[in-house]
Amino acid sequence: MKITVASGKGGTGKTTIAVNLALSVKNSMLIDCDVEGPNSHLFFREPMVKIKDVSIPAPKFDLDTCTLCGKCAEFCQYNAISIIGEKLLFFEELCHGCGGCKIICPVDAITEVDHNVGLIEKGGTEDLPVYHGLLNISEPFGVPIINELKQFADASKITIFDSPPGTACPAVETMRDVDFCILVTEPTPFGLHDLTLTVDVIRQIGTPFGVVVNRDGIGDDRVDQYCEKEGIPLLAKIPNDMEVAKLYSRGVPMVTGLPKYRKLFEEMFQKIREMV
Ligand code: SF4
Ligand code: SF4
């Protein structure tokens with residue numbers, strides 16, 4: 001089973017939920033897809049070790065053959081190619097590696113070369129492997145690394161994906177092709193606002209989903225009312241517990257430092273199991 005833990009904004013406790021769920025479920029693995037700033041591994045003592053580079057195919061232009069017809073620049077929807085006067089300019093950092101310019105060039109002036117965008121590391125234990133991706137600084141597009149990371153999901157295990165925050169392409173990619181999505185929010189007006197945006201997106205994707213309220217007790221009950229009105233299952237409420245915050249600051253998962261919380265995550269998983 002594949003479960004993605006997502007949230008409309010950073011700082012809602014998405015990683016906390018992903019890590020503690022992975023620790024509470026037997027035969028699980030954790031894949032942190034927040035490739036711009038993965039931090040799930042901080043809750044595990046084992047070091048992360050590089051296992052793979054990730055590259056995309058970027059065009060290489062043979063300027064002796066190029067006729068400056070401009071068809072590649074016209075085609076590229078990411079504006080990675082420009083023809084200025086007698087010059088072809090290529091902005092590598094805008095290229096998404098789609099390969100379209102190579103296909104469209106009428107004189108075969110384009111070949112492809114590997115452009116490294118980041119890497120994948122593995123840590124954790126044999127019982128609970130942890131993977132994450134690291135996008136190179138200055139690279140704007142993490143989806144190729146997320147796609148590679150998703151290949152490591154083991155069909156014989158419960159795979160927990162920690163999604164990038166927000167509703168842009170990297171988050172959408174992590175919420176697609178999974179069995180269930182947990183949307184983490186806080187009981188505040190900001191939390192509710194971001195939750196409604198994420199619900200709009202996940203309904204379009206079509207992945208079954210439910211909501212976890214983190215830091216329950218800091219705000220009001222508008223998230224509860226919204227979920228009830230929209231028919232969205234409320235999977236769990238994590239209390240706003242100072243002991244949990246103290247453990248978090250020391251990199252100790254709540255189910256390890258306060259075993260009473262393990263039951264909460266086990267019950268959350270049981271609810272998900274019944275829905276998929
Ligand atoms: S490979 Fe795709 S994204 Fe990159 S320059 Fe060519 S058309 Fe643009
Ligand atoms: S499509 Fe080919 S020939 Fe035309 S500008 Fe691009 S590289 Fe040059």
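Residues numbered from 1 in each chain as written. Chains lettered and ligands numbered in written order. Predicted model: local features only at pLDDT ≥ 70, side-chain atom pairs only at ≥ 80, totals over all residues.

Regarding the overall build of the protein
Defined as follows: Runs of H or I in DSSP of at least four residues are treated as helices and runs of E of at least two as strands, each being numbered from the N terminus. With C-beta atoms placed from the backbone, a residue is buried if 20 or more other C-beta atoms are within 10 Å of its own, exposed if 12 or fewer are, and partly exposed between those counts. Working definition of a contact: two residues with C-beta atoms, positioned from the backbone, lying within 7 Å.
Summing up its helical and strand segments, the protein has 10 helices and 11 strands in all. When burial is assessed residue by residue, the protein has 43% of its 276 residues classed as buried. Within the protein, contacts between residues separated by at least 24 positions form 74% of all contacts whose residues are at least 6 apart in sequence.

Focus on helix 6 (residues 189-205)
Just so we agree on the cut-off: Expected span of a helix: the number of residues minus one, times 1.5 Å. The directions considered for the arc are those from the helix axis to the C-beta atoms.
Taking 1.5 Å of rise per residue, 17 residues should cover 24 Å, and helix 6 covers 25 Å from first to last C-alpha, within 8% of that figure. The complete set of buried residues in helix 6 reads Gly191, Leu192, Asp194, Leu195, Thr198, Val199 and Ile202. The buried residues of helix 6 occupy an angular sector of 165° when the element is viewed end-on, so they sit on one face. Residues of helix 6 that are exposed and angled more than 90 degrees away from the buried face: Pro189, His193, Asp200 and Gln204. Those residues of helix 6 that are buried are in contact with strand 1 (2-6), helix 5 (169-175), strand 9 (180-185), strand 10 (209-216) and helix 7 (222-230). Trailing helix 6 by a residue or two, glycine 206 shows a phi angle of about 95°, which is positive.

A short note on the domain arrangement of the protein
Convention followed: Domain borders in the structure are assigned automatically or taken from a domain database.
Taken domain by domain, the protein holds domain 1 (2-54 + 121-275) and domain 2 (63-108). Inter-centroid distance (C-alpha atoms) of domain 1 to domain 2 is 39 Å.

Examining the site of ligand 2
What counts is decided by this rule: Using a C-beta atom placed from the backbone for every residue, we mark a residue as near a molecule or strand if that atom lies within 6 Å of it. When residues are sorted by character, Ala, Val, Leu, Ile, Met, Phe, Trp, Tyr, Cys and Pro go into the nonpolar class, Asp, Glu, Lys and Arg into the charged class, and all the rest, Gly among them, into the polar class.
The immediate surroundings of ligand 2 are formed by 13 residues, with Cys66, Cys69, Lys71, Cys72 and Cys105 found nearest. For the shell around ligand 2, the class distribution of residues is 10 nonpolar, 2 polar and 1 charged.

Considerations on the site of ligand 1
Within the structure, ligand 1 sits among 13 residues, and Cys76, Ala80, Cys95, Cys98 and Cys101 are positioned closest to it. Of the residues contributing to the shell around ligand 1, the split by class is 9 nonpolar, 4 polar and no charged.

Topic: the nonpolar core
Test applied: Each nonpolar core consists of buried Ala, Val, Leu, Ile, Met, Phe, Trp, Tyr and Cys residues. Their C-beta atoms, within 7 Å, join them into a set.
Counting 63 residues, the largest nonpolar core has Leu183 and Val212 as the members making the most contacts within it. The leading source of residues in this core is helix 1 (residues 14-24), at 6 residues. Discounting residues that sit within four places of it in the chain, valine 212 has contacts with Ile17, Ile182, Val184, Leu235, Ala236, Ile238 and Met268. Residues Cys76, Cys95, Cys105 and Ala109 belong to the second largest nonpolar core, which totals 9 residues.

Observations concerning the sheet that holds strand 2 (residues 28-32)
Inclusion rule: Pairing between two strands is assigned when DSSP locates at least 2 bridges connecting them. Throughout, an axis means a line fitted to C-alpha atoms (over the contacting stretch in the case of helices), and angles, computed between N-to-C directions, take values from 0 to 180 degrees.
Strand order in this open sheet of 9 strands is 3-6-7-2-8-1-9-10-11, and the pairing throughout is mixed. The two strands at the open ends of the sheet, each matched to only one other strand, are strand 3 (49-61) and strand 11 (234-239). Going from strand to strand, the sheet's axes swing by 20° on average, the running direction of each strand aside. In the packing of helix 6 onto the sheet, contacts are made with strand 1, strand 9 and strand 10, and the angle to strand 9 comes to roughly 165°.

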